Amino acid sequence: MSVPALLILYGSQTGTAKDTAQRIARQALRRHLQMRLSALDDYNVGNLISESLVVFVCSTTGQGEPPDNMKNFWRFLFRKSLPVGSLCQLDCAVLGLGDSSYPKFNFVAKKLHKRLIQLGASLLLPVGLADDQHDLGPDAVIDPWLKSFWEKVFALYLGFSDMVPLREDEPLPPTYTFNFLDGTNEKTDDCQIIPTQQGGLSQSEPFYAKLLSNERVTHPNHFQDVRHIEFDILGSTINFNPGDVVMMRPCNAIEDVEELCQLLRLDPEAKFSLKATDGSTVPARLQQPWTLHYLVESYLDIAAVPRRSFFELLSTFSNDKLEREKLVEFSSAEGQEELHIYCNRPRRTALEVLADFPHTTAKLKVDYLLDLFPEIQPRSFSIASSLRALSNRLQILVAVVKYKTKLFKPRRGLCSTWLASLDPTKEDVYVPLWVKKGTLRFPTEPNTPVIMVGPGTGVAPFRSALQERTAEGKNANVLFFGCRSESKDFYFRCEWKEMTKAGKLILFTAFSRDQEEKVYVQQRVRENATLIWDLIANKGAYFYIAGNAKDMPSGVCDALKLVFQKEGGLSPEDAEKMLAAMESSGKSQNETWS
Ligand SMILES: Cc1cc2nc3c(=O)[nH]c(=O)nc-3n(C[C@H](O)[C@H](O)[C@H](O)COP(=O)(O)O)c2cc1C
Ligand SMILES: *[C@@H]1O[C@H](CO)[C@@H](O)[C@H](O)[C@H]1NC(C)=O
Ligand SMILES: *[C@@H]1O[C@H](CO)[C@@H](O)[C@H](O)[C@H]1NC(C)=O
């Protein structure tokens, strides 16, 4: 008997599960197995009944939700009409990627595992539950799980005697080859493609929205640069409600693009088309000919901290003994702590790593670019405006991420830095974007009050809600806003003032640094217990928290429970229960980010 072709299917939101699936693909090739690799929604799920060997690699996103690129598969698989024994010919295994700090840890992988059993599939080994929280990252689970997976596969089909030994350093062919086209000296204006009309509903069809304004809303001598950015979405089919998010794909900084081209001796103006070496399809965005400049600027994630697979691939090119040893160490299970210290902790970028390994980098072949670097991931921002108040407009509030580590150059957030660099006074600055449903839901009943706690840029979704609600005549609104200083980072103060004057808003502010002792929003919540209790207990108010996920959300929840105790006379246990009941009925909602 021989091992049947292995099908590797992944569901991945930010690329980790995809990276793991690609790693399994390389391991399969090194074992001389036939394999196919696909995102779950790119696979014709009807064919699953005729597959023999499948490994599923799935992350969990949101609050226990499947990633966007497996949503259709998910819906199909849980159809009631699927016969119980329909997958009885299938040997398979499920590897999950998750984070145990979320209440629904690896929910998707666990549920998939159960469902496959229910449909009659044979599961080769227990579901793997990789955890971001582990000191050594997800690999702490993935490495032993994969070892066991291959043992099971070979034992099942060949018997243990024929186990092919594991070799991680054998070079593999690139996934794509670059075919350079001649006579292409006309410049393409890379990140700014000819804007299309329509679109804006999905990643595959973004809308090219014209940048209308990009205004710094913090005081010039405040440490943080925060931008209020406005786009024109006229001509798109975009529709959104308060709480929804806008997705964007940023571009790399020009200096970084130039540096990479220099390091790899690439001609940025060279135009190419791609061919998949295994006959599979080229990613949709790369199907027409582009310049290398476009590829590096808008596709390859060169400014992210590289994953372990980056080192694994680099090591296979290296002829330099010292560099190779280091790279092999970084790609080994034993070297993960070293890798963490070298890369993750100081947030070293892939580009900086290449500069640290000059001999290896000089040997890199252009064909491997797409194996080496993942695609730049889209970023999401809470929408800060309302279509009802501002038609054909979409606004966001963005903190420009910049911080120091032990490395000399400050670290910068790719998307926020890129957005901040865009100049609305130039003609034709278009940003590809699309919108997605958010998690926050606001009450439709006109007299139901809302209490919103949104310090810092957490105020963004609440500005959208306030614009929309006041436009609809829903005037029972309470906002708790917090920032460092009234004069430095008090966003939208004039708008709040007007709404307050018009009787449409009660605003509470906490300026943490404007007096000796620090004051935060949670203190204001406690101080105004009477009002909050009245709104919640007697008027059915909804309660919302948005903003930085660190200590603020739990601090505010604790303050709210104290309000229930103080004003409602509840015991600590009953206050806890009351908040839990609000959460399960959707009357208390969070939108937090880190
Ligand atoms: C917005 C967001 C929500 C998440 N929700 C969950 C969750 O509910 N349960 C869980 O186990 N992990 C959760 N995670 C962690 C991811 O599953 C984990 O980081 C995984 O490695 C990401 O894989 P991916 O890049 O393939 O999507 C979440 C991560 C993010 C960014
Ligand atoms: C909120 O609390 C502050 C501080 O105790 C108080 O000055 C203010 O009057 C309260 N506002 C309302 C509306 O209860
Ligand atoms: C909001 O966040 C707090 C702190 O993490 C948590 O205790 C609470 O359960 C969350 N509420 C909801 C509705 O998710």
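Model, not experiment: these values are computed from the prediction. (Residues numbered from 1 in each chain as written. Chains lettered and ligands numbered in written order. Predicted model: local features only at pLDDT ≥ 70, side-chain atom pairs only at ≥ 80, totals over all residues. Heavy atoms only, no water.)

## Considerations on the overall build of the protein
The condition that has to hold: In this description a helix means any DSSP run of H or I spanning at least four residues, a strand means any run of E spanning at least two, and both kinds are numbered starting from the N terminus. Computation of the radius of gyration draws on C-alpha atoms alone. For the globule rule, the value is 2.2 Å times the number of residues to the power 0.38. When accessible area is computed with a 1.4 Å probe and restricted to protein chains, residues below 20% of their type maximum are described as buried, those above 50% as exposed, and intermediate ones as partly exposed. Each accessible area value is a Shrake-Rupley result obtained with a 1.4 Å probe; residue values ignore everything except the protein chains displayed when judging cover. Counting rule for charge: Lys and Arg are taken as positive, Asp and Glu as negative, and neither His nor the chain ends is counted. Every charge is mapped onto a representative atom, which is NZ of Lys, CZ of Arg, CG of Asp or CD of Glu.
When its secondary structure is counted, the protein shows 19 helices and 22 strands. In terms of overall size, the protein behaves like a compact globule, its C-alpha atoms giving a radius of gyration of 26 Å where 594 residues would be expected to give roughly 25 Å. Here the C-alpha coordinates of the protein stretch approximately 75 × 60 × 45 Å along the principal axes. For the protein, the residues scored as buried account for 51% of the 594 residues in total. Accessible surface for the protein amounts to roughly 27,800 Å². Of this, 51% is attributable to carbon and sulfur atoms. Of the charged side chains in the protein, 69 are positive and 73 negative; the average position of the first set lies 3 Å away from that of the second.

## Some remarks on the packing of helix 8 (residues 321-331) against helix 9 (residues 336-344)
Stated formally: Lines fitted to C-alpha atoms define the axes here, with helix axes fitted over just the stretch in contact, and angles between the N-to-C directions of these axes take values from 0 to 180 degrees. An angle below 35 degrees is read as roughly parallel, one above 145 as roughly antiparallel, one from 65 to 115 as roughly perpendicular, and any other as oblique. Any two residues whose heavy atoms approach within 4.5 Å at even a single point are treated as in contact.
Where helix 8 meets helix 9, the closest approach of the two axes is 7 Å, and the angle between their N-to-C directions is 110°. It follows that helix 8 is roughly perpendicular to helix 9 by the angle criterion. Residue-level inspection shows Lys326, Glu329, Phe330 and Ser331 of helix 8 in contact with helix 9, the latter providing Gln336, Glu338, Leu339 and Tyr342.

## Some remarks on the site of ligand 2
Selection rule: Being near a molecule or strand, for a residue, comes down to having at least one heavy atom within 4 Å of it. Throughout this description, a polar contact denotes any pair of N or O atoms lying within 3.5 Å of each other; where both atoms belong to protein, one of them has to be capable of donating a hydrogen while the other can accept it, and for residues adjacent in sequence the pair is counted only when both atoms sit in side chains.
The full set of residues close to ligand 2 is Phe508, Glu527 and Asn528. Asn528 is positioned such that a nitrogen or oxygen atom in its side chain is 2.6 Å from a nitrogen atom of ligand 2. Bound to the protein, ligand 2 loses 39% of the 360 Å² it would expose on its own.

## Looking at the packing of aromatic side chains
In this description, an aromatic ring pair is defined by two values, namely the gap between the centres and the angle between the planes. How we decide: Within 6.5 Å between ring centres, the rings of Phe, Tyr and Trp (the latter by its six-membered ring) count as paired, and their orientation is classed by plane angle as stacked under 30 degrees, edge-to-face over 60, tilted in between.
Enumeration according to the criterion identifies 25 aromatic pairs in this entry. Centre to centre, the rings of Trp145 and Phe149 are 5.6 Å apart; their planes meet at 5°, and the pair counts as stacked. Residue Trp145 and its partner Phe149 are located together in helix 4 (residues 139-157), separated by four residues, close to a single helical turn. Taking relative accessible area as the criterion, Phe149 reaches 0% and is therefore assigned buried. Each ring, one from Phe178 and one from Phe272, has its centre 4.7 Å from the other, and the planes form 40°; the classification is tilted. One end of the pair, Phe178, is in strand 7 (residues 176-181); the other, Phe272, is in strand 11 (residues 271-276), and 94 residues separate them in sequence. With respect to class, Phe178 is no different from Phe272; both count as buried.

## Structural notes on the site of ligand 3
Convention followed: The residue classification treats Ala, Val, Leu, Ile, Met, Phe, Trp, Tyr, Cys and Pro as nonpolar and Asp, Glu, Lys and Arg as charged. All others, Gly included, are polar.
The immediate surroundings of ligand 3 are formed by Pro553, Ser554, Cys557, Glu583, Ser588 and Asn590. Contact between ligand 3 and Glu583: an oxygen atom at 2.9 Å from a side-chain N or O atom of the residue. Taking 360 Å² as the accessible area of ligand 3 by itself, protein coverage stands at 57%. For the shell around ligand 3, the secondary structure elements donating two or more residues are helix 18 (552-568) and strand 22 (588-593). With three residues, helix 18 is the single largest residue contributor to the shell around ligand 3. Considered class by class, the residues forming the shell around ligand 3 number two nonpolar, three polar and one charged.

## Here's the deal with the nonpolar core
Side chains of a nonpolar character, in soluble globular proteins, are inclined to be buried together. Rule in force here: Buried residues of nine kinds, namely Ala, Val, Leu, Ile, Met, Phe, Trp, Tyr and Cys, make up a nonpolar core once their side-chain atoms join them within 4.5 Å.
By size, the foremost hydrophobic cluster in this structure holds 42 residues, and its most contacted members are Leu260, Leu295, Leu300, Phe310, Phe311, Leu370 and Phe373. Counting residues per element, this core draws most heavily on helix 7 (residues 308-317), which supplies five residues. Aside from chain neighbours lying at most four places away, what touches Phe310 is Ala350, Val353, Leu354, Leu372 and Phe373. Residues Ala21, Ala39, Leu95 and Leu124 belong to the second largest nonpolar core, which totals 29 residues.

## Describing the sheet that holds strand 11
As a reminder of what qualifies: When DSSP finds two or more bridges between two strands, those strands count as paired.
Read across the open sheet, the three strands follow the order 7-11-12; overall the sheet is antiparallel. Of all strands in the sheet, those bounded by a partner on one side alone are strand 7 and strand 12 (290-291). Examined bridge by bridge, strand 11 and strand 12 share two bridges and lie antiparallel to one another. Pairing of Phe272 across the sheet is with Trp290, part of strand 12.

## Observations concerning the pairing of strand 17 (residues 430-436)
Along strand 17, six of the seven residues are buried, which leaves the element largely enclosed by surrounding structure. Alignment of strand 8 (residues 207-216) against strand 17, held across four bridges, turns out to be antiparallel. Bridge pairing in strand 17 places Tyr208 opposite Pro432. Where strand 10 (residues 245-248) meets strand 17, four bridges bridge the pair, whose relative direction is antiparallel. Each residue of the ladder has a partner; that of Met248, found in strand 17, is Leu433.

## Considering the packing of helix 7 against helix 8
Short version of the rule: In this scheme the crossing of two helices becomes right-handed for a clockwise turn of the near helix relative to the far one and left-handed for an anticlockwise turn of less than a right angle.
Contact pair helix 7 / helix 8: the axes reach a minimum separation of 8 Å and the direction vectors enclose 145°. The element helix 7 and its partner helix 8 pack so that their crossing is left-handed. Residues Arg308, Phe311, Glu312, Leu314, Ser315 and Thr316 of helix 7 lie in contact with helix 8, whose contacting residues are Arg324, Leu327, Val328, Phe330 and Ser331. Of the residues belonging to the contact of helix 7 with helix 8, the class tally is five nonpolar, three polar and three charged.

## Observations regarding helix 9
The cut-off we apply is this: Directions pointing from the helix axis toward each C-beta atom define the arc.
What helix 9 keeps buried is the set Gln336, Leu339, Tyr342 and Cys343. One face of helix 9 carries all of its buried residues, which in axial projection span an arc of 125°. Residues of helix 9 that are buried make contact with helix 4, helix 7, helix 8 and helix 10 (350-356).

## Some remarks on the sheet that holds strand 8
What links the strands of a sheet is backbone hydrogen bonding, and the strands pair in either a parallel or an antiparallel sense. Spatially, six strands are ordered 13-10-17-8-9-14 in an open sheet, and the strand pairing comes out antiparallel. The strands lining the two open edges of the sheet, one partner per strand, are strand 13 (379-382) and strand 14 (393-399). Neighbour to neighbour, the strand axes of the sheet diverge by 40° on average, direction disregarded. Sheet topology note: the strand 10/strand 13 ladder contains four bridges and is antiparallel. Across the sheet, Val246 pairs through a bridge with Phe381, a residue of strand 13.

## Describing the domain arrangement of the protein
Formally: Boundary definitions for the domains trace back to an automatic or database domain assignment.
Here the protein is described as being made up of domain 1 (6-162), domain 2 (252-372) and domain 3 (450-593). Using only C-alpha atoms to locate each centre, domain 2 and domain 3 end up separated by 45 Å.

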